[in-house]
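These are the residues of each chain, in order.
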Amino acid sequence: MPSYKLTYFNGRGRGEISRLLFAAAGKAFEDNRIEFANWGGLKKDTPQGTLPVLEIDGKRKISQSLAIARFLAREFKNSQCVGILKDFKLLDANRKKVEQQPKIKEYLAKRPGRAEVSRLLLAAAGKAFEDVRVDFAQWGDLKKDMPQGTLPVLEVDGKMKISQSGSIARYLAREF
C-alpha cells in the first residue's frame, strides 16, 4: 500500500480538496501543514515552486491542486461524486450559455476530442495557437521532455513551458 504525504499551508485553501478526498476514501496520509513564514525556505524544493504537493512513497511528487485531486480520485476509485451536479439547473444553464458564445461555438463545432479549458480560453480570446495532439503511442518518448512528465503543456514563444491545466488556464486568463 502506498504512503502519501500532502504538503500545504496550515489552512484550507487549495490543499483542502485533497484532504477531503483522503477523508472520503478513509485513507491515511501525512498532513504536512507548513506555516507561511516558513514558505520562503521551502519554495525552491517544490515542483514549479507551488503548493500543494503530494508525495507518493517518498519519491514521486505531484503539484497543482486539481492534478492531485484527479490523481487521488482515480487512485481511490472515488466515484461517488459522479453526476453530483446534474440537479444544479443554474450551472447547466450557465454551461449552455457559454457554449453559445460565437467564438466558443465555432471552436466546439470543429474541435476533435474533448474540450479543454485552455483551448476554450484561446478560442474565446480569438488567438491562433498550435494544437498539438499526442497519440498514446508517442507519449513514452515525449514524457521525459515534459515539465513534471505530464500533459497538457503550454509552450510560449518556444521558450517557456507551463504544465498542469489549471496553471495554464490561469496564465491564459491573465494574458487575455
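Residues numbered from 1 in each chain as written. Predicted model: local features only at pLDDT ≥ 70, side-chain atom pairs only at ≥ 80, totals over all residues. Heavy atoms only, no water.

**Some thoughts on the packing of aromatic side chains**
In the structure shown here, the tally under the stated rule is 7 aromatic pairs. Note on F9 and F36: the rings are 5.6 Å apart at their centroids and 45° apart in plane angle, and the pair reads as tilted. Here F9 is found in strand β1 (residues 4-9), whereas its partner F36 is found in helix α2 (residues 36-42), with 27 residues between them in sequence. Here a set of aromatic residues connected by ring pairs shows up, and it is made of Y4, F22, F29 and F76. (Phe/Tyr/Trp six-rings, centres within 6.5 Å; stacked < 30°, edge-to-face > 60°. Helix = DSSP H or I, 4+ residues; strand = E, 2+ residues; numbered from the N terminus.)

**Describing the nonpolar core**
Ranked by size, the top nonpolar core spans 13 residues in total, and within it Y4, L54, F71 and L72 carry the most contacts. Per-element accounting of this core gives the leading share, 5 residues, to helix α3 (residues 65-75). Counting residues in hydrophobic clusters, the runner-up holds 7 residues, among them L122, V156, I162 and Y171. (Core = buried A, V, L, I, M, F, W, Y, C linked by side-chain atoms within 4.5 Å. Buried < 20%, exposed > 50% of the residue type's maximum accessible area, 1.4 Å probe, protein only.)

**Quick notes on the pattern of salt bridges**
Applying the stated rule across the entire model yields 7 salt bridges. A salt bridge links R19 to D31, with the shortest nitrogen-to-oxygen separation between them at 3.0 Å. In this pair, R19 sits in helix α1 (residues 16-25) while D31 sits in strand β2 (residues 30-34), placing the two residues 12 residues apart along the sequence. Taking the relative accessible area as the measure of exposure, R19 reaches 6% and is therefore buried. A salt bridge links R33 to D31; the nearest nitrogen and oxygen atoms lie 2.8 Å apart. Judged by relative accessible area, R33 falls into the partly exposed class, the value being 37%. Because the salt bridges share partners, they merge into one network encompassing E16, R19, D31 and R33. (Salt bridge = Lys/Arg side-chain N within 4 Å of Asp/Glu carboxyl O.)

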